[in-house]
Amino acid sequence: MAIMMMVDLAVGMAAGLLRQRAPGGVTHKAEYIRQRADEELVIVGSSRASHHIVPRILRDSLGVSVYNAGMDGMGIVYNYGVLLQLLRHGGVRTVIYELTPWNDYLTDDNGQYLPNLRNAYGVPGVDSLFWSVDPSERIKMMSGLYRVNSMLPRLGFDNLSAATDTLWGYEPLWSRYAGASRLQEEDPSVSGKYEYDPLKIDLLKKFIRTCRERNIQLVFSVSPYLDRNYSYRYGMALAEKERVPVVTFRSEPQFFEDISLYQDPSHLNNTGAELYTRWLVGKLKPILADSPGAGRDTI
Amino acid sequence: MIFNSFQFVWLFPLIFVLYWGCSRLWPGRRAGDVAKYFLLAVSYGLYAQWSVPYTLILFGVTLVTFFFALLIERRKAFGRKKYIIWAGVSLTLFPLLVFKYFNFITGAGASVLQWIGIDAAPPALEWVVPLGLSFYTFQALGYLWDVYYAKIKAERNFGDYMLFVAFFPQILCGPISRPDELLPQIKSPREFDYTRAVSGLKYLLWGMFLKVVLADRLGIYVDTIYAEPLKYSGSSSLLASICYSLQIYGDFAGYSFMALGVARLLGFDIIKNFNRPYLATSVSAFWKRWNISLTRWLTTYIYIPLGGSRCGKLRTYRNIMLTFLVSGIWHGANWTFIFWGVIHGAAQCVEKFLGWNMAPRGKWSVLPRILFTFVIVNFAWIFFRLPTIGEGWEVIRHIFSSPAAPYIHPTTFFHLAVAVPIVVAADVMREFTPGILAGLNRYTVVRWSAYVILLTLILTFGVLDSGQFIYVSF
C-alpha cells in the first residue's frame, strides 16, 4: 500500500510537470485555457469548432483577440468547464459555441468528456462537474495515477511536438474528402426518437445563464457538414427560447454543394474552414454590434 | 456487480469482511450456515440490483431444476424418469428460448415462409436478455442431468442449491461449475486460508489487467475499424481481427480469472476456465484451453450422450459437428455464431481425419502448429464479431485485396505496445519455461515489483469506465 501511494504521488507529480511543459498538442491547449486564456472572443465546441473556425481571420476582421478552445469529441460537460476557467481570467466578451447534438444535449457516455478537464480539477466549479457525471470521481480523482489515466502517451507526444501558439487553438485539416454528400433534411420521425440527456441540457442552460449574467455575448454556430446524422431541432428551439443568436451554414448553398471543402462528412478542411470563417465574420458583425457589451467592442 | 466497476472496489472488501466476520461471530456449525446465507443474500441482492423482475427468472430456473431433480430421484425406472427429465429440461430452457432465441426462431421461420411465397411478419420481442442467463441455465441443467444419470444425489437443502445456481462471482460469465465441485464446498464450513486468499488476489489482479488494459484498449481499435471496415485498408482489417482475438481473450479470460480470484478470497475453488488457449497446437487442443467449463459441459451432456468418439468415424464427425452447432447456438441467436461453431466443428473433423489433433512430435513443429491454429481461430472470430456472415466474407476478401498500410492510431498503439508484450511473455513463459517463472516468483522483490507494475498499468493505461464484458451478453 505504501509503495503504491509513493508511485501514485510520483507519477502524479511527473505528469503535472509534463503537462505544464508541453509546447503543443491538446495538453498545451488545455493548460493554456487553465492558466492564461484571456482573449476577448473564444470559440468552444468539439472538433467541428477546433477544425472549422480560424482565429486569425476573426482577429483581423473583428479587431479582437481570439482563441479557439474547441477540442476533439468534447461537448457541454467539457465546454462548461472551459467557461468556468475563462471567467477566472476575465477578458472574454464573446463566446461562439459550435453546437454538436450528440455532445451537447443527446445521451451518450458523459464520462468521455472528463479526461480533458482533469488538469483543471482544482478550478472552482470544475470539480462539481466531475461529481455530477459520476459521484465516484470524488474519490478516484484523489489518485495521481488515475488523473493521468489514458493520458500518458499523449503527454509524451505533446511534449515532443512543436509549439502551436501561432494558430491560437485552431487545428487545420489538410486532406480532401473523396466521397459523396450525405446531407439530408432532418427527418422528424427519426429525431423524435433521440434520447435527451438531462445533465447536458441542465449544463447547456447554465452555460447560457452564466454568459447572460456576465454580460458575455453568446452565439450558437452550426458549421458545415455533409453528414445526415445530425439533429439540431432541440438546439434551435432552445436558442429561440433563450434568445441566443444562431449562425447556421444552411443558408449558404456553397457549403453543401462543394465537397472539396471537406476532409470527411463532418469536418471542413483548411480551405473550407477559411471560407467558412470569412462567411461567419459577415454574420457575426451585426450580432456583435447589438450585443450587451457592444460599446466595449471595436467593430 | 461487474468486477471492473468502482462499486466492486468498495463493495467487495465490505462483503469480504462481513463474510469472514460471520464465521468468527457465530461459533461452530452455525457460522458456516450464517456465512452461506449471507453469500446467498449478496448474490441475489447484486442480481436484483440490475433487475428485480429478472431475479424471478433466476429463482424460477432454480426452483424448477431443484424440484425436478427430487422427482427424478424418486423414480427408479428410467422410462418414467425420461419423461420427467425432458419436462424439467424444457421448463428450464423456456426462459432462454423466449429471451434469447424467440426473435431468431420467428425470423428464420418467416424467411422460410417467404421463400415458399407466404408473406409473414413475425412478432418481435424487444426484451433485454437476463444477465448470465445462458450460464446459470446450463449450470442448473448440468445438475439435473447429473441427478438423472445418478452421478450425484439430488440436493435436499434449497438454500444450498440456490447459492449453487446464483453464486455471484460466476453468475454473469461463468465458469459453469459442476454440482459435485461446488455443492460440497457450499455445504462444508470454510476456514480463512491465507495462501488461497493471496492466490485469489493474484488472479484478481491479472484478470483486471487482461480486461481493462488489454481487452478494452484493443476494443477501441477493433470498434473503429469494424464500424466501417471498407473505409480502411485490408491490413487494418487483418490487424483488427488479430486485435479482436486478443480482445476477446483478455475480456473473457480476464473475467474468469477475476471470478476465480473472488471465489478464492471467499474460500471457494472454482474451475480455471482458461489455460493459454492461443498456444494450442490444434483447434481440438484450443477447446481444451478456451472456456474449459463450457467445453466440459458440452462434452458431458451433448457429445458423450451422442456416442462421443466410441463409434464409427462418420458418427464421431457428426457428433463433433452437432456439439459445436450447440456451442454456436449457445453463444448467440445469430447465423454468425452458428457459422462460427460450424467452422470450429469442421476444423476438428479435418484435424481428426488427418491425425493433427494429437500433440506435435518434434519441438520444431510446435510453433508452426500454434501459428496455424491461431490463423484458423482468428478467421473464425471475424464471423463471431461481425453482424452478418456476408460482412464476415467481405472483410476477409478485403484483407486479401487491399494491402495498403494499416491505419494505426499512435495513442492506441502505445497502449498496445505496453499490454500485448506483457500478456504474450507471461503466457509463453508459463507454457514453455514454468521453472524460470517459479524461480523468479521466489524472490519477494520480483513478486512485489510485478504487483506494483500491474496495478500502476491498470490505473494509468486501463479503460476505467466499467465497460461491460463481451460474454455477459451470451
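Use the structure listed above.
The rules we used
- Each chain carries its own residue numbering, running from 1 in the direction its sequence is written.
- Chains carry letters and ligands carry numbers; both start at the beginning, A for chains and 1 for ligands, and go up in the order they are written.
- Totals for whole chains, interfaces and linings use all residues, but because this is a predicted model, local features are given only for residues with pLDDT of at least 70 and pairs of side-chain atoms are given and counted only at 80 or more.
- Computation of side-chain values: all heavy atoms of the structure, hydrogens and water removed.
- Grid points spaced at 1 Å over the protein atoms alone were grouped into cavities, where a 1.4 Å probe fits but cannot get out, and pockets, open sets with protein on both sides within 12 Å along at least five of seven lines, with lining residues defined by an atom within 4 Å of a point.
- Grid points are joined across faces, edges and corners, and a volume is the space filled by probe spheres set on the points.
- Strands here mean DSSP runs of E at least two residues long; helices mean DSSP runs of H or I at least four residues long; both are numbered from the N terminus.
- Residues were grouped as follows: Ala, Val, Leu, Ile, Met, Phe, Trp, Tyr, Cys and Pro as nonpolar; Asp, Glu, Lys and Arg as charged; and all remaining residues, including Gly, as polar.
- All domain edges in this entry derive from an automatic or database-based domain assignment.
- Here, two residues are considered to be in contact whenever any of their heavy atoms come within 4.5 Å of each other.
- The buried area of a pairing is the accessible area, by a 1.4 Å probe, that goes missing from both parts when the two are put together, added over both.
- A carboxyl oxygen of Asp or Glu within 4 Å of a side-chain nitrogen of Lys or Arg is what we treat as a salt bridge.
- Aromatic rings from Phe, Tyr and Trp, with only the six-membered ring used for Trp, were paired whenever their centres fell within 6.5 Å, and each pair was classed as stacked if the ring planes differed by under 30 degrees, edge-to-face if by over 60, and tilted otherwise.
- A ring has a charge above it when a Lys NZ or an Arg CZ is no more than 6 Å from the ring centre and no more than 35 degrees off the ring normal.
- In this analysis, the expected span of each helix is defined as 1.5 Å times one less than the number of residues it contains.
- The buried label applies to any residue whose accessible area, calculated with a 1.4 Å probe on protein chains only, is under 20% of its type's maximum; exposed applies above 50%, and partly exposed to all values in between.
- We define a polar contact as two N or O atoms separated by no more than 3.5 Å, with the added condition that, inside protein, one atom must be a possible hydrogen donor and the other a possible acceptor, whereas residues neighbouring each other in sequence contribute only through side-chain atom pairs.

### Things to note about the layout of surface pockets
- Of the voids in this model, the second largest pocket is the one considered here, and its volume is about 1800 Å³.
- Lining of the second largest pocket is provided by 38 residues; of these, A:Met1, A:Met4, B:Val9, B:Leu205 and B:Leu455 occupy positions nearest its centre.
- Looking at the lining of the second largest pocket, the elements that each hand over two or more residues are α1 (2–21), α8 (137–140) and α9 (144–147) of chain A together with α1 (6–25), α8 (194–227) and α18 (444–461) of chain B.
- Top contributing element to the lining of the second largest pocket by residue count: α8(B), with eight residues.
- For the lining of the second largest pocket, the per-class residue count stands at 30 nonpolar, four polar and four charged.
- Counting the residues that make up the lining of the second largest pocket, at least three belong to each of domain 1 (6–191) and domain 2 (195–281 + 359–461) of chain B.

### Examining unusual backbone geometry
- A cis amide bond links B:Gly174 with the next residue in sequence, B:Pro175, at an omega value of 5°.
- Checked against the element boundaries, B:Pro175 lands in the loop between α6 (158–166) and α7 (179–187).
- In the Ramachandran plot, A:Arg243 falls in the positive-phi region, its phi being about 55° despite a non-glycine side chain.
- By secondary structure assignment, the location of A:Arg243 is in the loop between α13 (233–242) and β5 (246–248).

### Topic: the interface of chain A and chain B
- Tallying the contact residues gives 15 residues for chain A and 15 residues for chain B.
- Summed over both sides, the interface of chain A with chain B buries roughly 1400 Å², with 74% coming from carbon and sulfur.
- Of all residues in chain A, A:Met4, A:Asn149 and A:Pro153 bury the most surface against chain B, accounting for 31% of the area lost on that side.
- For the interface between chain A and chain B, the tally reads zero salt bridges.

### Some words on the packing of aromatic side chains
- In total, this model carries 74 aromatic pairs over all chains according to the counting rule given.
- Note that B:Lys81 overlies the ring of B:Tyr148, its terminal NZ or CZ placed 5.8 Å from the centroid.

### Observations concerning helix α12 (residues 198–213) of chain A
Residue and element names in this part refer to chain A.
- Taking 1.5 Å per residue, 16 residues should reach 22 Å; α12 reaches 22 Å between its end C-alpha atoms and fits that length.
- Taken as a whole, α12 has its buried residues at Leu 199, Lys 200, Ile 201, Leu 203, Leu 204, Phe 207, Ile 208, Thr 210 and Cys 211.
- Capping of α12 at its N-terminal end is provided by Asp 197; its side-chain oxygen lies 3.0 Å from the backbone amide nitrogen of Leu 199.
- With its phi angle positive at about 60°, Asn 215 sits one or two positions after the end of α12.

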